[in-house]
Amino acid sequence: MDTIVFALILVSALLIIFVKKRWVVVLGYSVAFVATAALFAHHVTSTLDLSF
């Protein structure tokens, strides 16, 4: 799952660099942002079992 999100971020960055159509750039950024937020929401709810 993490690898897919990082790949989406890379594709979004490449779209921002190479594509001249604004809607493609905004769509790529939005998809990458939603995927990153979903990954964060998944990881923030898990607890860390630390014992010091």
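Reading guide: rules and limits
Residues numbered from 1 in each chain as written. Predicted model: local features only at pLDDT ≥ 70, side-chain atom pairs only at ≥ 80, totals over all residues. Heavy atoms only, no water. Helix = DSSP H or I, 4+ residues; strand = E, 2+ residues; numbered from the N terminus. Rg over C-alpha atoms; globule rule 2.2 N^0.38 Å. Buried < 20%, exposed > 50% of the residue type's maximum accessible area, 1.4 Å probe, protein only. Areas by Shrake-Rupley, 256 points an atom, 1.4 Å probe, with all protein chains shown as cover. Phe/Tyr/Trp six-rings, centres within 6.5 Å; stacked < 30°, edge-to-face > 60°. Patch = residues over 30% accessible without salt bridge, like charges linked within 9 Å, V, L, I, M, F, W, Y side chains within 5 Å. Salt bridge = Lys/Arg side-chain N within 4 Å of Asp/Glu carboxyl O. Expected span 1.5 Å × (residues − 1). Contact = heavy atoms within 4.5 Å.

Some remarks on the overall build of the protein chain
Summing up its helical and strand segments, the protein chain has 2 helices and 0 strands in all. Computed over C-alpha atoms, the radius of gyration of the protein chain comes to 15 Å, more than 25% over the 10 Å expected from 2.2 N^0.38 for 52 residues, which places it beyond the range of a compact globule. Along the first, second and third principal axes, the C-alpha atoms of the protein chain reach 55 × 15 × 15 Å. Looking at the 52 residues of the protein chain, the share that counts as buried comes to 15%. Summed over all atoms, the accessible surface of the protein chain reaches about 4600 Å², with 75% contributed by carbon and sulfur.

Points about the packing of aromatic side chains
Enumeration over the complete set of coordinates arrives at 1 aromatic pair. Summarising the aromatic geometry, the rings of Tyr29 and Phe33 are spaced 6.3 Å apart at their centres and angled 15° between planes, so their arrangement reads as stacked. Of this pair, Tyr29 and Phe33 both sit in helix 2 (residues 22-44), 4 residues apart, which is roughly one turn of the helix. Assessed through its relative accessible area of 48%, Tyr29 is described here as partly exposed.

What to know about the environment of Arg22
Structurally, Arg22 is set in helix 2. In this structure Arg22 comes out as exposed when scored by relative accessible area, which is 70%. In this structure the C-alpha to C-alpha distance between Arg22 and Leu48, which are 26 residues apart in sequence, comes to 41 Å.

A look at a nonpolar patch on the surface
Taken together, the side chains of Leu10, Leu14, Ile17 and Phe18 present a nonpolar region at the surface, about 440 Å² in accessible area. By secondary structure assignment, the location of Phe18 is in helix 1 (residues 2-18).

Remarks on helix 2
Along its 23 residues, helix 2 runs 32 Å from first to last C-alpha, staying within 8% of the 33 Å computed at 1.5 Å per residue. Those residues of helix 2 not exposed but buried are Val24, Val25, Gly28, Ala32, Ala35 and Leu39. Buried residues along helix 2 sit in contact with helix 1.

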